[in-house]
Amino acid sequence: MPIRPRTTVIAVTALAPISWGTTYAVTTEFLPPDRPLFTALARALPAGLLLLALTRVLPRGAWWAKAAVLGALNIGAFFPLLFVAAYRLPGGMAAVVGSAGPLFVVGLSALLLGRRPAPRTLLTGLMAACGVSLVVLKGAGALDLVGVLAALASTAAMAAGTVLTKRWGRPDGVGPLALTGWQLTAGGLFIAPVALLAEGAPPALDVRAAGGYLYLALANTAVAYWLWFRGIGRLPATQAAFLGPLSPLTAAVTGWAALGQTLTPVQLAGMALAFGATVAGQSGGGRGPFTGRNRRRPGSHGPSRPEMLTHRRPVSVK
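Residues numbered from 1 in each chain as written. Predicted model: local features only at pLDDT ≥ 70, side-chain atom pairs only at ≥ 80, totals over all residues. Heavy atoms only, no water.

**Examining the side chain of T23**
In step 1: Mapped onto the fold, T23 is located in helix α2 (residues 23-30).
In step 2: At a separation of 3.1 Å, a polar atom in the side chain of T23 contacts the side chain of N220. (Helix = DSSP H or I, 4+ residues; strand = E, 2+ residues; numbered from the N terminus. Polar contact = N/O pair within 3.5 Å; in protein donor to acceptor, adjacent residues only side chain to side chain.)

**A few points about helix α6 (residues 101-112)**
In step 1: Spanning twelve residues, α6 covers 16 Å between terminal C-alpha atoms, matching the ideal 16 Å at 1.5 Å per step.
In step 2: Among all positions in α6, only G101, P102, V105, V106 and S109 are buried. Relative to the axis of α6, the buried residues are bounded by an arc of 140 degrees and lie together on one face.
In step 3: Looking one or two places after α6, you find G114, whose phi comes out positive at around 70 degrees. (Expected span 1.5 Å × (residues − 1). Buried < 20%, exposed > 50% of the residue type's maximum accessible area, 1.4 Å probe, protein only. Arc of directions from axis to C-beta.)

**Remarks on the pattern of salt bridges**
In step 1: Per the stated rule, a full pass over the model turns up one salt bridge.
In step 2: A salt bridge links R35 to E199; its shortest N-O distance comes to 3.3 Å. Separated by 164 residues along the polypeptide, R35 in the loop between α2 and α3 (36-55) and E199 in helix α9 (residues 176-199) bring together distant segments of the chain. This pair shows no difference in class: R35 is buried, exactly as E199 is. (Salt bridge = Lys/Arg side-chain N within 4 Å of Asp/Glu carboxyl O.)

**So, unusual backbone geometry**
In step 1: Backbone geometry places D34, a non-glycine residue, at a positive phi of 60 degrees.
In step 2: Note on placement: D34 falls in the loop between α2 and α3.
In step 3: With a relative accessible area of 55%, D34 lands in the exposed category.
In step 4: Notably, R56 is not glycine yet its phi reads approximately 55 degrees, a positive angle.
In step 5: As for its position among the elements, R56 is in the loop between α3 and α4 (63-88).

**A word on the environment of R60**
In step 1: Mapped onto the secondary structure, R60 falls in the loop between α3 and α4.
In step 2: R60 sits 111 residues away from P171 along the chain, and the two C-alpha atoms are 8.9 Å apart.

**Some remarks on the environment of G276**
In step 1: Checked against the element boundaries, G276 lands in helix α13 (residues 265-280).
In step 2: For the pair G276 and G131, spaced 145 residues apart in the sequence, the C-alpha separation amounts to 8.9 Å.

**What to know about the packing of α2 against helix α10 (residues 207-234)**
Working note: a packed helix pair is described by the angle between its axes plus the distance between those axes.
In step 1: Remark: α2 packs on α10, axes separated minimally by 9 Å, with the N-to-C direction vectors making an angle of 160 degrees. The orientation of α2 with respect to α10, classified from their angle, is roughly antiparallel. Considering only the axes of α2 and α10, their crossing is left-handed. Contacts from T23, V26, E29 and F30 in α2 reach R208, A209, G212, Y215, L216 and N220 in α10.
In step 2: Split by residue class, the contact of α2 with α10 holds five nonpolar, three polar and two charged. (Axes fitted to C-alpha atoms, helices over the stretch in contact; angles between N-to-C directions. Parallel < 35°, antiparallel > 145°, perpendicular 65-115°, else oblique. Left-handed = near helix turned anticlockwise from the far one by under 90°. Contact = heavy atoms within 4.5 Å. Nonpolar A, V, L, I, M, F, W, Y, C, P; charged D, E, K, R; others polar.)

**Focus: the nonpolar core**
In step 1: Judged by nonpolar contacts, the single largest core of 32 residues is most densely connected at I75, F79, I191 and Y225.
In step 2: Breaking this core down by element, the ones donating at least two residues are α1 (3-20), α3, α4, α9 and α10.
In step 3: At seven residues, the largest contribution of residues to this core is made by α3.
In step 4: The next biggest cluster of nonpolar side chains, apart from the first, holds ten residues, and it includes L52, W63, W168 and L179. (Core = buried A, V, L, I, M, F, W, Y, C linked by side-chain atoms within 4.5 Å.)

**A closer look at the confidence of the model for the protein chain**
In step 1: When pLDDT is averaged across the protein chain, the result is 80; 81% of the residues are at 70 or more.
In step 2: Confidence, read as mean pLDDT per element, is least for helix α5 (residues 93-98) in the protein chain (65) and greatest for α9 (96).
In step 3: Across residues 285-318, where pLDDT falls below 50, the model places 150 contacts with residues more than four positions away in sequence or in other chains. (pLDDT = per-residue confidence, 0-100.)

**A word on α3**
In step 1: Relative to the 28 Å expected for 20 residues at 1.5 Å per residue, α3 spans 29 Å between its end C-alpha atoms, a close match to the ideal helical length.
In step 2: Taken across its 20 residues, α3 has 14 buried, putting it largely inside the fold.
In step 3: One or two steps after α3, the chain reaches R56, where phi turns positive at roughly 55 degrees.

What follows is the structure, given as structure tokens:
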């Protein structure tokens, strides 16, 4: 098994959750407050239309329906549910629920792809969730039922979307950039009417906010999701899934380095545990030879999408 190509793909794919981990700082420091649905729309639709313009490839046949389903699950449902959870739950509870994404994926993969989970995979998933909990969860408070249900639903939507992405692969001759554009555009079109009905007209933007939205649409969404979907097609699921903790870890480090937030010894221990789960998830995850050209593996299953920490509440404040 060639080591260097697999390591390179893992490192490149990891840039996606690392980028998503910066969303909290950008949102709180640059964007107008209390516009979560507009923010979701501004992230998805411009990025999707840009990728469509670059690739100039549209779905054909059954892929119109498949692209709509994947876009609704991975973007259209996930983004709004994520923000509902982040606004209604205390502290980093939404991130804690999201860190269970690999376990959701393992269960759906067994159901849809016939892959029986290994005990080591389940244990690593629990270790990752525990580590993220130590990093982001603080204080006590009553949990909002709607927020909890939204967090669970968003995690389930992400898991289902990525498992189906792995199951369906890509049409012949279509690259991950085009597939990403399809999903972002479809997801943005699902979000648009909801955002207009719930929040009304878009807010007025100054230069600072425009720059924040530009970063979210380009680097944080168009590029990051392209890298993520590319990784789903090239990595075994157990390797890609456990890159997820890099998102909350990045958010915590960004809060400490850029926003002056404090990291306690407990949080540092949680970071070490979550990072250990990420490293452990990269070993023993694949069966059979690695090939960067494989777009579809009949027996493989998709990773979770670890963006649950990208919310507006402080995640690493003492």
